Amino acid sequence: MLDDVINAPRTDAIYNMHGYLTKVPVQAIIPLIREFTPDDGWVVDMFAGSGMTAIASKMAGRNSVVSDISRLGQHIGQGYLAEVNQLEFSETAERLVAESKREVGWLYDTFHSRTGEKLEAVRAVWSFVYVCQKCEFKANYYEMMKVANWDKKKMVCPRCADSFDKKKSEYFGDEPVITVVKKDGEKQLEQPFSDYDRQMVAEAEAMNFRDRMPSAEITPEREMYYRSALKKWDTTNTKDFFSQRNSAVLFDLWSRIQNLDDELLRKKLLFAFTAILPRASKRYQWSPKAPLNAANQNYYIAPVFYEWNVYELFMRKVSACLKSDNMIFDGLEANLDTEQRYVVASADNLDHLGDNSIDFVFTDPPFGSNIFYSDMNLFQEVWLGATTDHEREAVIRTTRGQREGSAGRYTDLLTGAFREAYRVLKPGGVLSIVFGNSKGSVWSMAQRAFRDAGFTGKPVRINILDKGQRSVKGLASGTEGVATLDLIVSLRKGDEAENRERHDDWGDTETVQAVVDKYANMQDMTASHLYLEVLRQAIYEDREVGSIDLGNILDALGKAGYSVRPDTGKIFKE
């Protein structure tokens, strides 16, 4: 029996192996597959993304046909399920790295500042340089932060001591500041970037592998061109995000993987390779305490960023691959003879599936205008030689001339996808939809879409999905109004006798306040929990939720005397 709240933290070996936007952990999908699919049954996901539903089906001993327009998604999903000999996989990776190091690995050479020993740099730290708005001095951002004891509010120009304002200062370029080395048996050592280190950078610049590696222009018709201000930062091509040193090593390593004769090994190693690309780029953010990873929803480059040793990143991912494989393939059910397929297809066109042929559909549609998958996937897809058609993406566009009609196209695509789900499901089969958004208008679009597709009966179940680890935006949910939980709405394919009368909107203030008053004092409650409880009751009663936003919950909490802790999102009363 399913619990009302499905807890599936985003921390297991499968989830952490390869980054992809808005993955659903397999441990959240497996219970639903077991609940709604017979032992020999078939599962479908038409918004498959990175293929988590196929992996969950494999682990649960069921068959699946998943699909998406995402070329990167297909690559990742097939990479997870590519079962290789682990020893051969590890030895091949080690051999390719050793060969690559002999060719271009010397670019990471450096000298230990105390012993004079030649070592391989673990990583370098680079900083933006800004022109002071008052005296025009070219100031290093990292050095200004260091003098200010890492307090941005206390940063001043080294020459004129005028308060530094990043927004008002002109960006001049990047320069290296730190090299990190590690001697056997000792801790890592941060040391100033030396003349020899600069020589290595100059050698890499002269070789110019950046112009040789796969790349693509991020053009103005793409949403992220404007959202990430790519023209302003002169980063309108995917290659612009890589240092020349890392470009040389990435290109060499990628070429060696491409030349492997063994197709399965090649697929698995390329899977590990694409997993490191965001961290191997300038998008890997530095902080005084610990790396902040790479922002996966935009093309942001922080004023201080890493140039991380590609070989170290790659071998880490090789190890992560083995851990992920153990989790997928070592279970008893995974050894059953099941079929998992990943098809490139639009969600509203499942011609590869017959009518009334599928037992269960589990899917996680895109979240309105929050994330633009095809724009971000381009960063890795250029290395695959196949890119996603961004014009077919199920998103609400918000910039320039693309805004008009975008919401209608999004709703039409969702409706078409759910109609296809209705068509392929066997009578009595279930569609489970994961959805998370802080705006009632987006929820309302999804609600109308599955109703118009034919799913008019009362939901079988509505579960809350708690993925545990909160996003950076989610950490500020009390002030930004960002939902940190999802709903899973499960609908059964029935007959017209189950149709229910459509009710009015359910967004009145009294109803919202009643939910807040009933649940706010429960232990570990958050604004997101309350918001989803309102939505859950409304959807059960088939009422429109278009005017219910997370902001309504926050207002109601304030009126009832509650506050939200920014660090945890939990509500409390003084």
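A. Highlighting the overall build of the chain. Counting secondary structure elements, the chain contains 18 helices and 17 strands. Residue burial in the chain is summarised as follows: out of 574 residues, 57% are buried. For the chain, long-range pairs separated by at least 24 residues make up 75% of all intrachain contacts whose partners lie at least 6 apart in sequence. As displayed, the chain has an accessible area near 25000 Å², and 46% of this comes from carbon and sulfur atoms.

B. Structural context of a negative patch on the surface. There is a patch of like negative charges on the surface, built from E88, E91, E94, D261, D262 and E263. No other element matches the three residues that helix α5 (residues 86-104) contributes to the negative patch. Among the secondary structure elements, D262 is positioned in the loop between α9 (244-258) and α10 (263-276).

C. The packing of helix α3 (residues 52-60) against helix α11 (residues 310-329), seen in detail. At a closest axis distance of 8 Å, the pairing of α3 and α11 adopts a crossing angle of 50°. Judged on the interaxial angle alone, α11 and α3 are oblique. Here α3 contributes I55, K58 and M59 to the contact with α11, which in turn contributes M327, I328 and F329. Residue composition of the contact of α3 with α11, grouped by class: five nonpolar, no polar and one charged.

D. Up close: the layout of surface pockets. Size it by volume and the second largest pocket reaches roughly 570 Å³. In terms of lining, the second largest pocket is formed by 21 residues, of which the most central are F128, Y171, K232, W233 and I301. Listing elements by their share of the lining of the second largest pocket, those giving two or more residues are β6 (123-131) and β8 (170-181). Among the residues forming the lining of the second largest pocket, the class breakdown is nine nonpolar, four polar and eight charged.

E. Molecular detail of the pairing of strand β2 (residues 42-45). By the bridge criterion, four bridges tie β2 to strand β3 (residues 63-68) in an arrangement that is parallel. If you follow W42 over to β3, its bridge partner there is N63. Regarding topology, α3 serves as the crossover connection from β2 to the parallel β3, and that connection is right-handed.

F. Expanded view of unusual backbone geometry. Even without a glycine there, the phi angle at W150 is positive, about 65°. Relative to the helices and strands, W150 is located in the loop between α6 (141-147) and β8. Residue classification places W150 among the partly exposed positions, given a relative accessible area of 31%. Phi is positive for D234, which is not a glycine, with a value near 55°. With respect to the helices and strands, D234 occurs in the loop between α8 (223-227) and α9.

G. Quick peek at the confidence of the model for the chain. Averaged over every residue, the pLDDT of the chain is 87; the share at 70 or more is 89%. Long-range and interchain partners of residues 470-482, a stretch whose pLDDT sits below 50, account for 30 contacts in this model, where long-range means more than four residues apart.

H. Region of interest: the nonpolar core. If you look at the biggest cluster of nonpolar residues, it comprises 110 residues, and the most contacted ones within it are Y80, L250, F273, Y299 and F314. In terms of residue count, the dominant contributor to this core is α11 (10 residues). Among residues more than four places away in sequence, those in contact with F314 are A93, V97, L253, I257, L269, A272, F273 and I276. The next biggest cluster of nonpolar side chains, apart from the first, holds 60 residues, and it includes V515, M525, Y531 and I571.

I. Representation of the sheet that holds strand β14 (residues 461-466) in the model. The eight strands are arranged β1-β14-β15-β13-β12-β2-β3-β11 in an open sheet whose pairing can be described as mixed. Edge strands, defined here as strands with exactly one partner in the open sheet, are β1 (5-7) and β11 (340-344). Averaged over all neighbouring strand pairs, the angle between strand axes comes to 20°, with direction disregarded. One ladder, built from six bridges, connects strand β13 (residues 425-435) with strand β15 (residues 486-492); its direction is antiparallel. By the bridge assignment, L431 is partnered in β15 with L491. Packing of helix α2 (residues 26-36) onto the sheet brings it into contact with β1, β2, β12 (358-363), β13, β14 and β15, and relative to β12 it is tilted by some 155°.

J. Just the packing of helix α14 (residues 440-452) against helix α17 (residues 527-540), in detail. Running from N to C, α14 and α17 cross one another at 30°; their axes reach a closest spacing of 13 Å. It follows that α14 is roughly parallel to α17 by the angle criterion. Crossing of α14 over α17 shows right-handed handedness. Each of G440, W443 and Q447 in α14 lies in contact with α17, whose residues at this interface are Y531, L532, L535 and I539. Here the residues of the contact of α14 with α17 sort into five nonpolar, two polar and no charged.

K. Up close: the environment of N7. Take N7: it is sitting in strand β1. Along the sequence, N7 and K467 sit 460 residues apart, while their C-alpha atoms lie 6.1 Å from each other.

L. Molecular detail of the packing of aromatic side chains. According to the stated counting rule, one finds 31 aromatic pairs in the structure shown. With a centroid separation of 5.9 Å and 85° between ring planes, the pair formed by F241 and F379 is classed as edge-to-face. Placement of the pair is F241 in the loop between α8 and α9 and F379 in helix α12 (residues 373-381), with a sequence separation of 138 residues. Each member of the pair, F241 together with F379, is buried. The interplanar angle of 55° and the centroid separation of 6.0 Å between the aromatic rings of Y299 and F379 together place this pair among those described as tilted. Here the residue Y299 occupies a position in the loop between α10 and β10 (304-308), and F379 occupies one in helix α12, the gap between them amounting to 80 residues. The class for Y299 is buried, based on a relative accessible area of 2%. A relative accessible area of 1% places F379 in the buried class. Among the aromatic residues, those joined into a cluster by ring pairs are W126, F128, Y130, Y141, F164, Y171, F193, W233 and F305.

Rules used throughout
Residues numbered from 1 in each chain as written. Predicted model: local features only at pLDDT ≥ 70, side-chain atom pairs only at ≥ 80, totals over all residues. Heavy atoms only, no water. Helix = DSSP H or I, 4+ residues; strand = E, 2+ residues; numbered from the N terminus. Buried < 20%, exposed > 50% of the residue type's maximum accessible area, 1.4 Å probe, protein only. Contact = heavy atoms within 4.5 Å. Areas by Shrake-Rupley, 256 points an atom, 1.4 Å probe, with all protein chains shown as cover. Patch = residues over 30% accessible without salt bridge, like charges linked within 9 Å, V, L, I, M, F, W, Y side chains within 5 Å. Salt bridge = Lys/Arg side-chain N within 4 Å of Asp/Glu carboxyl O. Lys, Arg positive; Asp, Glu negative; His and termini not counted. Charge placed at Lys NZ, Arg CZ, Asp CG, Glu CD. Axes fitted to C-alpha atoms, helices over the stretch in contact; angles between N-to-C directions. Parallel < 35°, antiparallel > 145°, perpendicular 65-115°, else oblique. Nonpolar A, V, L, I, M, F, W, Y, C, P; charged D, E, K, R; others polar. 1 Å grid on protein atoms, 1.4 Å probe; cavity = no way out; pocket = protein on both sides within 12 Å on 5 of 7 lines; lining within 4 Å. Points joined across faces, edges and corners; volume = space filled by probe spheres on them. Pairing = 2+ DSSP bridges. Right-handed = clockwise from strand over helix to strand, strands pointing away. pLDDT = per-residue confidence, 0-100. Core = buried A, V, L, I, M, F, W, Y, C linked by side-chain atoms within 4.5 Å. Left-handed = near helix turned anticlockwise from the far one by under 90°. Phe/Tyr/Trp six-rings, centres within 6.5 Å; stacked < 30°, edge-to-face > 60°.

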